[in-house]
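A closer look at the structure
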Amino acid sequence: MPIKSENLAVKNELAEAELIRNFRHENTWLGAVKSKNGWVGNEVIKIPVQGAAPKVLIDNKTYPISNKVREDGRVVVSLHKYETTNTAVTTDELYALPYEKVSDVQQQHRETLEDETAQHALQSIAPQKNTAKTPVLTTTGEADENGRKRLTAKDLINLKKQLDRLKVPKGGRVLVLCADHVADLLLEDLTFKTRYQNTATGQIASNYYGFEVYESTYAPTYNNGEKEAFGVAAQGKEASIVFHKNYTVKATGPVTRYARDKKDDPENRQHTIGFELYFVCVAIKDEGTAAIVSG
C-alpha cells in the first residue's frame, strides 16, 4: 500500500507540473496581460500600488528642492478557485481504445480550464457600468436584421477620444472584440478586413485606431447599462472590452490533481481524475478599462 500511494503522489505531481507548464492561453487576448505569478502566496495576489508621482519644476530658481517620501501601498486580491468535475476512465476503455485515454482526459481538463478562466477573466475586467473613469459606450451603426445597431469605425474613434481625455497611455491599449462587432467591422472597414484576413494568430491588428485588437467568442453582456453576472442566461447585449496592459495583471496559483487508481475502485474498476486550479485576472486601476455595447 505505501508503494501504491507513493506512485500515485508522483503521478499527481507530474500531472500538476504539466498543467502549469502548458497553461498558457495561447492565441487569446490573455497573452497580452502581464503574468505576476511571483506576487502570489496562500491563494492571494498582493498587488503593489504606486504612491504619488513627483512634480516637474520648470525654470526653477528656488533651492534646495523639497523632498517627499513616496508612500506605496498594496491591494490584496483572492485568487478564484476553479474545479473540474471528475472524469472516469474504465478498464475496458484503456484496452479497447487506440490511444492513451488518461493523458487525453488530462489534456481536455487543462483546455477546459483555459477556456473557462479566459471567459471569467474578460468578465472580471469589464467595467460594471458607465462612469467618469470607465466609459461604457453604445454602438451607433445601422440596425441589422435583428434590430441590433452595428459597431462602426466612428464608434471606435469616439471610444479612443474618451480614453485620450482620461489621459490613458496610448501604448498598451487592448481591444477584445465580440463576434458581432468583428462581423460589423468586416462589413464596414476594408482596412480591418485586410488585416483580419492576414492574421495568423488571435491578434488582428497591432495598431487599429490605437488599439491592439483581439477577438473572443465569449463576450460579457450588459442590460440597462449594467454588466450582467457571469454564467447566467444573458438578457442584454454583448460588448467588446478594452483594458490597458499596464493596469491589468494575471496570476496562476497552485494546481491540484485529484485521482483514484482503478485498483482502489474494485466496484467500478475505473480511473477517476479531476483538477483544482487557482487563477485570477484583474484590472488594478479603473483607468483604461472600457466597453462598447451593441445598441
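Residues numbered from 1 in each chain as written. Predicted model: local features only at pLDDT ≥ 70, side-chain atom pairs only at ≥ 80, totals over all residues. Heavy atoms only, no water.

With respect to helix α4 (residues 153-165)
Within an α-helix, residues lying three or four positions from one another point in the same direction, as the helix has 3.6 residues per turn. In this model, α4 (13 residues) spans 19 Å end to end at C-alpha, consistent with the 18 Å of a helix rising 1.5 Å per residue. When α4 is considered as a whole, its buried residues turn out to be A153, D155, L156, L159 and L163. Across the axial projection of α4, the buried residues extend over an arc of 155°, all falling on one side. Exposed and oriented more than 90 degrees from the buried face of α4 are K154 and R165. One or two residues past the end of α4 sits K167, with phi positive at roughly 60°. (Helix = DSSP H or I, 4+ residues; strand = E, 2+ residues; numbered from the N terminus. Expected span 1.5 Å × (residues − 1). Buried < 20%, exposed > 50% of the residue type's maximum accessible area, 1.4 Å probe, protein only. Arc of directions from axis to C-beta.)

Brief notes about a nonpolar patch on the surface
A cluster of nonpolar side chains, L57, Y63 and I65, forms an exposed patch at the surface whose accessible area comes to about 340 Å². By the element assignment, L57 lies in the loop between β3 (44-49) and β4 (73-78). Taking the relative accessible area as the measure of exposure, L57 reaches 49% and is therefore partly exposed. (Patch = residues over 30% accessible without salt bridge, like charges linked within 9 Å, V, L, I, M, F, W, Y side chains within 5 Å. Areas by Shrake-Rupley, 256 points an atom, 1.4 Å probe, with all protein chains shown as cover. Salt bridge = Lys/Arg side-chain N within 4 Å of Asp/Glu carboxyl O.)

A word on a negative patch on the surface
Among the surface-exposed residues, E100, D104, E111, D115 and E116 lie close enough to one another that they form a single negatively charged patch. As for its position among the elements, E100 is in the loop between α2 (91-96) and α3 (101-125). (Lys, Arg positive; Asp, Glu negative; His and termini not counted. Charge placed at Lys NZ, Arg CZ, Asp CG, Glu CD.)

Some details on the pairing of strand β13 (residues 237-244)
With respect to burial, β13 is a largely interior element, six of its eight residues being buried. Bridge count between strand β8 (residues 173-177) and β13: four bridges; the pairing is antiparallel. If you follow R173 over to β13, its bridge partner there is H244. Note that strand β11 (residues 221-223) and β13 share two bridges and pair antiparallel. In the strand pairing of β13, T221 is matched with E238. Pairing of β13 with strand β16 (residues 290-293), which is carried by four bridges, proceeds in the antiparallel orientation. Bridge pairing in β16 links I241 to A291. (Pairing = 2+ DSSP bridges.)

Re the nonpolar core
Counting residues in each nonpolar core, the largest one holds 34 residues, and the members touching the most others are W29, L30, Y222 and C281. Broken down by secondary-structure element, the contributors of at least two residues to this core are α1 (2-22), α3, β8, β13, β15 (270-283) and β16. Broken down by element, the residue count for this core peaks at seven residues, all from α3. Non-local contacts of Y222, meaning those with residues more than four positions away in its chain, are made with A126, P127, Q128, V136, K227, E228, G236, K237, A239, I241, A291 and V293. Among the nonpolar cores identified, the runner-up in size contains 19 residues, and L163, L185, I204 and F211 belong to it. (Core = buried A, V, L, I, M, F, W, Y, C linked by side-chain atoms within 4.5 Å. Contact = heavy atoms within 4.5 Å.)

Some points on the environment of C281
With respect to the helices and strands, the residue C281 is situated in strand β15. Judged by relative accessible area, C281 falls into the buried class, the value being 3%. Linking C281 and L122, residues 159 residues apart in sequence, is a C-alpha distance of 8.1 Å. When near neighbours in sequence (up to four residues on either side) are disregarded, C281 contacts W29, L30, V33, A121, S124, I125, T248, V249 and K250.

Comments concerning unusual backbone geometry
With a phi angle near 60°, K167 is a residue other than glycine that sits in the positive phi range. In this fold, K167 is placed in the loop between α4 and β8. The exposure class assigned to K167 is exposed, which follows from its relative accessible area of 73%. Backbone geometry at N224 places phi at a positive 55°, although glycine is not the residue there.

With respect to the side chain of K227
Note on placement: K227 falls in strand β12 (residues 226-227). One buried charged residue, K227, forms no salt bridge at all, with the nearest opposite charge on E226 at 8.7 Å. If sequence neighbours within four positions are ignored, K227 has contacts with Q123, S124, A126, P127, Q128, T221 and Y222.

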